[in-house]
Amino acid sequence: MGGLFDVDGPIMNALQDLMVLVVLNLFTILCCIPIFTAGAALTALHFTIMKMKKGKSGLYKLYFKEFKNNLKTMTNTWIILLFFAIFLAFDYWILYRMASGAGADNLSKTKIFLFNSGTDMLKFLFLLEYLGIFIWFAIFVWVFPYGARFVNSAKANLHNALLLATGKLPRTLLMMLFTMLVPFFLLVAFLKVFPLFVALGISLPAYLCSFIYAGVIDPMVRKAKLAAGIPLEDDEEDDEREKRLLEEAEEKEKRLLEEAEERETAGEKIEEKQTSENQ
């Protein structure tokens, strides 16, 4: 039993990780206050949690270093997500008003949620609305962990996050569940101790999600490392060098795919020309 409470024992390590999560949560809240920086803050949070799980030190300094770097790479991605979130919220408000004006004087939020909105057209529009919200949230839970390890354009980030969300749907649903329920539980179940949400409302869901997406992101990173020539066993690699080389590996793979498509297109044109000449 004595080993449990040793300085390097599991209980002390768990308490230490919990304290790190509390500090990272406060950092993330502060860095999200200018709303347009939230994408960089969330990406830095996921990157720092990944390094925390590997036992890396200097996590607080690392967080702000990654936050600064992600301002260049993830802000556009977040702005696009934010725009669609505002659009979906405004669209929902319009649909709600339309349903209220369609004779549903005693319309409740529960009825709206169950699509009891009057006409078949409104029910269909509400169905599209909830589908849009689901897709947005599915992309949201993947795009920041992905952006923490790969540098891409906003279009590529969102596209790859959508592919991950649909291709790994069971993992996506679990991540969505953690992202929604943990903050809700901290707010509702511990309403009298509200600081728990301030302490863990963002970092704890991210930490739990890291166990789910690690089985997808880590193999992608290993594959990119092999392509870039980064030693897999090197746990003390320079983070900026690693991300730069991963970016170069992705660009190289993209160029190879484009060249293959160009050769395929050229071959098809030659075949068409030969066919037309034979005729």
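Everything that follows concerns the structure shown earlier in this document.
Visitor: What should I look at first to understand the overall build of the protein chain in this one?
Guide: Each helix and strand in the protein chain was counted, giving 11 helices and 0 strands. In the protein chain, the succession of helices and strands from N to C terminus is α-α-α-α-α-α-α-α-α-α-α. Buried residues in the protein chain amount to 37% of all 279 residues. If you take every contact in the protein chain between residues at least 6 apart in sequence, the share linking residues at least 24 apart comes to 69%. For the protein chain, the exposed area adds up to about 16700 Å²; of that, 66% sits on carbon and sulfur atoms.

Visitor: Got a minute to help me understand a nonpolar patch on the surface in this structure?
Guide: A cluster of nonpolar side chains, namely Met 121, Phe 124, Leu 127, Leu 128, Leu 131, Phe 134, Ile 135, Leu 162, Leu 169 and Leu 173, defines an oily patch on the protein surface of about 880 Å² accessible area. Counting residues per element, the nonpolar patch draws most heavily on helix H6 (residues 120-149), at 7 residues. Structurally, Ile 135 can be placed in helix H6. Using a relative accessible area of 38% as the deciding quantity, one classes Ile 135 as partly exposed.

Visitor: Before we go on, may I ask you to explain the packing of helix H4 (residues 75-100) against helix H7 (residues 154-167) in this structure?
Guide: The N-to-C vectors of H4 and H7 enclose an angle of 60 degrees; their axes lie 8 Å apart at closest approach. Taken together, H4 and H7 sit at an angle that is classed as oblique. Crossing of H4 over H7 shows right-handed handedness. Across the interface between the two elements, Asn 76, Thr 77, Ile 80 and Leu 81 from H4 touch Ala 154, Asn 157 and Leu 158 from H7.

How each quantity is defined
- Residues numbered from 1 in each chain as written.
- Predicted model: local features only at pLDDT ≥ 70, side-chain atom pairs only at ≥ 80, totals over all residues.
- Heavy atoms only, no water.
- Helix = DSSP H or I, 4+ residues; strand = E, 2+ residues; numbered from the N terminus.
- Buried < 20%, exposed > 50% of the residue type's maximum accessible area, 1.4 Å probe, protein only.
- Contact = heavy atoms within 4.5 Å.
- Areas by Shrake-Rupley, 256 points an atom, 1.4 Å probe, with all protein chains shown as cover.
- Patch = residues over 30% accessible without salt bridge, like charges linked within 9 Å, V, L, I, M, F, W, Y side chains within 5 Å.
- Salt bridge = Lys/Arg side-chain N within 4 Å of Asp/Glu carboxyl O.
- Axes fitted to C-alpha atoms, helices over the stretch in contact; angles between N-to-C directions.
- Parallel < 35°, antiparallel > 145°, perpendicular 65-115°, else oblique.
- Left-handed = near helix turned anticlockwise from the far one by under 90°.

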